[in-house]
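Remarks on the overall topology
Here are the chains, one letter per residue:
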Amino acid sequence: MNVVALTAGAADPIIASHAIRFHERLLGRRAPGCLDTLLMETSSVHTVGLKESISVVGLDGNLVVVAARILKPNRVAWFRKARHILEMPGSAAMPRVGDRLVLTDV
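Residues numbered from 1 in each chain as written. Predicted model: local features only at pLDDT ≥ 70, side-chain atom pairs only at ≥ 80, totals over all residues. Heavy atoms only, no water.

**Brief notes about the side chain of E87**
- Tracing the backbone shows E87 in strand β8 (residues 84-89).
- Note on E87: relative accessible area 4%, which makes it buried.
- Leaving out residues up to four positions away in the same chain, E87 has contacts with R29, D36, T37, L38, M40, V45, I54 and S55. (Helix = DSSP H or I, 4+ residues; strand = E, 2+ residues; numbered from the N terminus. Buried < 20%, exposed > 50% of the residue type's maximum accessible area, 1.4 Å probe, protein only. Contact = heavy atoms within 4.5 Å.)

Here is the structure:
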């Protein structure tokens, strides 16, 4: 997994693992070597097997936030307009809908 930084304006950057392979996306934040925050190229996410809620942010192809919500354990969510999903701990501050994130390698 690559490590990337996502920034929205003057806010502190979000450091995330970038899941590219299928098994990395399937395991999500439980994948070996994954940071607390994960960026995936998909439009759906699940919390099956997790014990706590996570913050989920849907991003379109230009990395503009199209949806953001808290997802409880053992749930599945699909974001119709999203091309990427950003998974974060449930207590993390989420970017707002309409924010454009900039992706850079770390």
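From this point, the discussion proceeds with the structure in view.
**Section: a nonpolar patch on the surface**
- A grouping of V3, I15, L35 and V106 is seen on the molecular surface, where their side chains present a nonpolar patch of about 310 Å² in accessible area.
- For V3, the position within the fold is in strand β1 (residues 2-7).
- Assessed through its relative accessible area of 31%, V3 is described here as partly exposed. (Patch = residues over 30% accessible without salt bridge, like charges linked within 9 Å, V, L, I, M, F, W, Y side chains within 5 Å. Areas by Shrake-Rupley, 256 points an atom, 1.4 Å probe, with all protein chains shown as cover. Salt bridge = Lys/Arg side-chain N within 4 Å of Asp/Glu carboxyl O.)

**Observations regarding the pairing of strand β6 (residues 65-71)**
- Across six bridges, strand β5 (residues 54-59) lies against β6 in antiparallel orientation. If you follow S55 over to β6, its bridge partner there is I70.
- Joining the antiparallel neighbours β5 and β6 is a turn of five residues, in which L63 adopts a positive phi near 60 degrees. (Pairing = 2+ DSSP bridges.)

**Examining the nonpolar core**
- Judged by nonpolar contacts, the single largest core of 15 residues is most densely connected at M40, V45, V56, L71, F79 and I85.
- At the level of secondary structure, the elements contributing two or more residues to this core comprise β3 (38-40), β5 and β6.
- The contacts of F79, once residues within four sequence positions are left out, are S43, V45, V56, A67, R69 and I85.
- One finds A16, V57, L59 and L86 within the second-largest nonpolar core, a separate group that totals twelve residues. (Core = buried A, V, L, I, M, F, W, Y, C linked by side-chain atoms within 4.5 Å.)

**Some remarks on unusual backbone geometry**
- Positive phi values are uncommon outside glycine, yet L63 reaches one of about 60 degrees.
- Inspection of the secondary structure puts L63 in the loop between β5 and β6.
- On the basis of relative accessibility, which here comes to 12%, the residue L63 falls in the buried class.
- The backbone phi angle of N74 is positive, close to 60 degrees, even though this residue is not glycine.
- Considering the arrangement of structural elements, one finds N74 in the loop between β6 and β7 (76-78).

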